[in-house]
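Spelled out, the chains give:
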Amino acid sequence: MKGSSVYWMLIRSYAEHLKSDGCTRVPDFYRDCCLEHDIHYRTGKTIFNGPISRSQADQMLRECIQSRSFLGVFSPMSWWRW
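Since the structure is predicted, the reported quantities are computational estimates derived from the model, not experimental observations. (Residues numbered from 1 in each chain as written. Predicted model: local features only at pLDDT ≥ 70, side-chain atom pairs only at ≥ 80, totals over all residues. Heavy atoms only, no water.)

A. Looking closely at the environment of Asp32. For Asp32, the position within the fold is in helix α2 (residues 31-43). Distance from Asp32 to Ala15, taken between C-alpha atoms, is 9.3 Å for residues 17 residues apart in sequence. Setting aside anything within four residues of it in sequence, one finds Asp32 in contact with Trp8, Ile11, Arg12 and Arg68. (Helix = DSSP H or I, 4+ residues; strand = E, 2+ residues; numbered from the N terminus. Contact = heavy atoms within 4.5 Å.)

Below you can see the structure in the form of C-alpha cells.
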C-alpha cells in the first residue's frame with residue numbers, strides 16, 4: 001500500500017485534517033513527501049498507527065524525495081531537507 005495512489009490520497013486527507021502545509025521552499029512535486037513527514041512529526045505515528053521516531057521520519061522524507069528526483073540519492077533537496 002505504501003507508495004500507491006491510495007496511500008498518498010490518505011496522506012493528503014490526514015494532512016489536511018492536521019492543517020499541514022507541507023514543506024517551506026520545496027517544489028510541489030515533493031509536497032506529498034512533506035505532508036507525510038508532517039504527519040509523522042506531529043503524531044509520532046504512521047497513518048497506520050505504528051510508532052515512528054523523528055529520525056525515522058526524517059529518513060523517510062529523504063528517501064521519498066530521492067525516489068521522486070531524477071538525481072536519486074544524489075538529490076541536493078533530499079540531503080538539505082534531511
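B. Quick look at the state of the cysteines. Under the criterion given, the structure shown has one disulfide. Disulfide partner of Cys33: Cys64, at an S-S distance of 2.1 Å. Handedness of the Cys33-Cys64 disulfide follows from its S-S torsion of about -70 degrees: it is left-handed. Within this pair, whereas Cys33 is found in helix α2, its partner Cys64 is found in helix α3 (residues 54-68), the two being separated by 31 residues in sequence. (Disulfide = S-S within 2.5 Å.)

C. Molecular detail of the environment of Gly44. Looking at where Gly44 falls in the secondary structure, it is placed in the loop between α2 and α3. Residue classification places Gly44 among the partly exposed residues on the basis of a relative accessible area of 29%. (Buried < 20%, exposed > 50% of the residue type's maximum accessible area, 1.4 Å probe, protein only.)

D. Quick look at helix α1 (residues 5-17). With 13 residues, α1 extends 19 Å between its outermost C-alpha atoms, agreeing within 8% with the 18 Å of an ideal straight helix rising 1.5 Å per residue. If you check which residues of α1 are buried, you get Tyr7, Trp8, Ile11 and Ala15. Angular distribution of buried residues about the axis of α1 spans 95 degrees; they occupy a single face of the element. Facing away from the buried side of α1 by over 90 degrees, the exposed positions are Ser5, Met9, Glu16 and His17. The inward-facing, buried residues of α1 abut α2 and α3. Lys19 sits one or two positions beyond α1 and adopts a positive phi of about 60 degrees. (Expected span 1.5 Å × (residues − 1). Arc of directions from axis to C-beta.)

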